[in-house]
Amino acid sequence: MNTPVPHDHANHPDLPHVAPAGAAVMEAVDLAQSYEVSRGLFAPSATVKAVAGISFRLAPRSTLAIVGESGSGKSTLARMLTMIERPGAGSLRLDEVDVAEADARTLRRYRGEVQMVFQNPYGSLNPRQTVGSAIEEPLLVNTTLSAAERRARALDMMARVGLRPEHHGRYPHMFSGGQRQRIAIARALVLRPKILVLDEPVSALDVSVRAQVLNLLVELQEQLGVAYVFVSHDLGVVRHMADEVLVMYLGRAVEHGPRDAVFDAPRHPYTRALLSATPVADPEAKKERIVLEGELPSPFNPPKGCPFNPRCPLVQERCRVEMPPLEKKGGQLVACWVAEG
Ligand SMILES: Nc1ncnc2c1ncn2[C@@H]1O[C@H](COP(=O)(O)OP(=O)(O)OP(=O)(O)O)[C@@H](O)[C@H]1O
Ligand SMILES: [Mg+2]
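Structural notes, computed from the coordinates. (Residues numbered from 1 in each chain as written. Chains lettered and ligands numbered in written order. Predicted model: local features only at pLDDT ≥ 70, side-chain atom pairs only at ≥ 80, totals over all residues. Heavy atoms only, no water.)

Spatially, the 4 strands line up as an open sheet ordered E2-E1-E4-E5, and their pairing is antiparallel. Every other strand in the sheet has two partners, leaving strand E2 (46-58) and strand E5 (97-98) as the edge strands with one partner each. Of the strand pairs in this sheet, strand E1 (residues 26-37) and E2 are connected by 9 bridges, and their pairing is antiparallel. Bridge pairing links Leu 31 to Ile 54 in E2. (Pairing = 2+ DSSP bridges. Helix = DSSP H or I, 4+ residues; strand = E, 2+ residues; numbered from the N terminus.)

See the structure below:
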């Protein structure tokens, strides 16, 4: 079951700070989520720890990338950050207000400040709603702007994401995947949120349009000053846009730090394996190739000790017994008994 933990910021003196103290637009401390899952008629139900003890500070205008394999808890974390789901434990602060504990009125106020873009641009838009009315809908619900003002705001946002004015009255099926994702981004940004949580925003797109959408996101961040939490299973996708990277494994952070530290000197064997599977632009670059053995263990029955130990090429006796804490090693935080500092 979920046991709420005290909101003790002193527990995390080593959080890597892209944001100096006080300047974060979002601060998560020990966020956790567990689900009770039925396992059939006669089996007792089991608890899945989907997310356990995730902490970070998000600086204004910066990008935090959350990376991990399928099932590592990324979408669960994204749902808590966007207040779609209340955290099972931990605190989530926006403007120094803990929204994890907030009442419905406070929640409503903050919901507008954190918006989400989903992976599937085909499922996230209503097929019977025109593009213009989809983008204007958040304004209709959350503001007192007139119809003319809403239209003007929508057209402005459409231009910023590369859509033309005549697209305003068209329906989603008339657009390609990349264009639909532009529509979803315009809709998410029209209220001018401080934070955009993007859950695999380019994974469903054709490789040829991925770079365009990523470049658009970088431009929009510069223009609008929005901060991103960018969820991806692929380190390669976040390489150029992340300021900070948090690598998750079975619901936990195994490595977390500034982009250059994580990419240039990864320390956790899991991060190294993920990176070794990412193509590099420079064919001359010498690369170690680490192949991950086995699959992500069942979240019902996570391994004792370090959750990565059954697949780890560097495993030692201690790793099978004790969970390594997330500790400062080099420029980042690493949860590993073996990784050097
Ligand atoms: N509503 C839910 N009820 C029960 N279990 C859930 C629920 N949501 C997620 N889980 C479980 O929590 C774990 C993490 O799932 P989550 O969807 O957050 O992973 P993910 O990293 O987003 O994976 P993917 O890359 O496939 O999207 C999984 O074991 C999943 O089965
Ligand atoms: Mg997911």
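Having seen the structure, we can now continue with the description.
Another point: the packing of helix H5 (residues 177-189) against helix H6 (residues 207-224). Between H5 and H6, whose axes approach to 10 Å, the crossing angle comes to 20 degrees. As the angle between them shows, H5 and H6 are arranged roughly parallel. Classified by chirality, the crossing of H6 by H5 is right-handed. Contacts between H5 and H6 involve Gly 178, Arg 182, Ile 185 and Leu 189 on the former and, on the latter, Val 209, Gln 212, Val 213, Leu 216, Leu 217, Leu 220 and Leu 224. Residue classes in the contact of H5 with H6 are distributed as 8 nonpolar, 2 polar and 1 charged. (Axes fitted to C-alpha atoms, helices over the stretch in contact; angles between N-to-C directions. Parallel < 35°, antiparallel > 145°, perpendicular 65-115°, else oblique. Left-handed = near helix turned anticlockwise from the far one by under 90°. Contact = heavy atoms within 4.5 Å. Nonpolar A, V, L, I, M, F, W, Y, C, P; charged D, E, K, R; others polar.)

The mixed open sheet is built from 8 strands, whose spatial order is E6-E7-E8-E3-E9-E10-E12-E11. The open sheet has two edge strands, strand E6 (114-117) and strand E11 (327-329), and neither has a second partner. When the angles between neighbouring strand axes are averaged without regard to direction, this sheet yields 20 degrees. With 4 bridges connecting them, E6 and strand E7 (residues 195-199) associate as parallel partners. Bridge pairing in E7 links Val 117 to Leu 198. Across the face of the sheet, H6 comes into contact with strand E3 (63-67), E7 and strand E8 (227-232) while running at roughly 160 degrees to E8.

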